[in-house]
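Chain and residue survey
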Amino acid sequence: MRSYATRAATGHTLLCLHPGWVQTELGGAGAPLTVEQSVAGLVTTIQAHAGEPGLQFLDHRADVVPW
């Protein structure tokens, strides 16, 4: 994604999103988030950052994920 971001036209919003630990077959029943909670958080994060130029790695709460 970083490589793509350096070649992409300036002004585009590029988001890498981490959904959190979600109650799925992979995440298991002990995960703290339901699918609905994770998706709602991701949608809110996308909407909040729409139109912001550059690349960001964010989680379902719109917190920056260090990379």
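Not measured: the values here are computed from a predicted model.

Considerations on the overall build of the protein chain
A tally of helices and strands in the protein chain yields two helices and two strands. Going residue by residue from the N terminus, the α and β elements of the protein chain occur as α-β-α-β. Projecting the C-alpha coordinates of the protein chain onto the three principal axes gives extents of approximately 40 × 20 × 15 Å. If you take every contact in the protein chain between residues at least 6 apart in sequence, the share linking residues at least 24 apart comes to 47%. Summed over all atoms, the accessible surface of the protein chain reaches about 4,600 Å², with 60% contributed by carbon and sulfur.

Things to note about the environment of Leu42
Relative to the assigned elements, Leu42 resides in helix H2 (residues 35–49). Sequence-wise, Leu42 and His18 are 24 residues apart; in three dimensions their C-alpha atoms are separated by 8.3 Å.

Description of the side chain of Ser38
You can see Ser38 is positioned in helix H2. Residues contacting Ser38, with those up to four places away along its chain left out, are Pro19, Val22, Leu33 and His60.

Digging into the pattern of salt bridges
One pass over the full model with this rule turns up two salt bridges. A salt bridge links Arg61 to Asp59, with the nearest nitrogen and oxygen atoms 3.1 Å apart. Of the residues examined, Asp59 reaches a relative accessible area of 9% and is grouped as buried. Judged by relative accessible area, which is 55%, Arg61 ranks as exposed.

About the thresholds
- Residues numbered from 1 in each chain as written.
- Predicted model: local features only at pLDDT ≥ 70, side-chain atom pairs only at ≥ 80, totals over all residues.
- Heavy atoms only, no water.
- Helix = DSSP H or I, 4+ residues; strand = E, 2+ residues; numbered from the N terminus.
- Contact = heavy atoms within 4.5 Å.
- Areas by Shrake-Rupley, 256 points an atom, 1.4 Å probe, with all protein chains shown as cover.
- Salt bridge = Lys/Arg side-chain N within 4 Å of Asp/Glu carboxyl O.
- Buried < 20%, exposed > 50% of the residue type's maximum accessible area, 1.4 Å probe, protein only.

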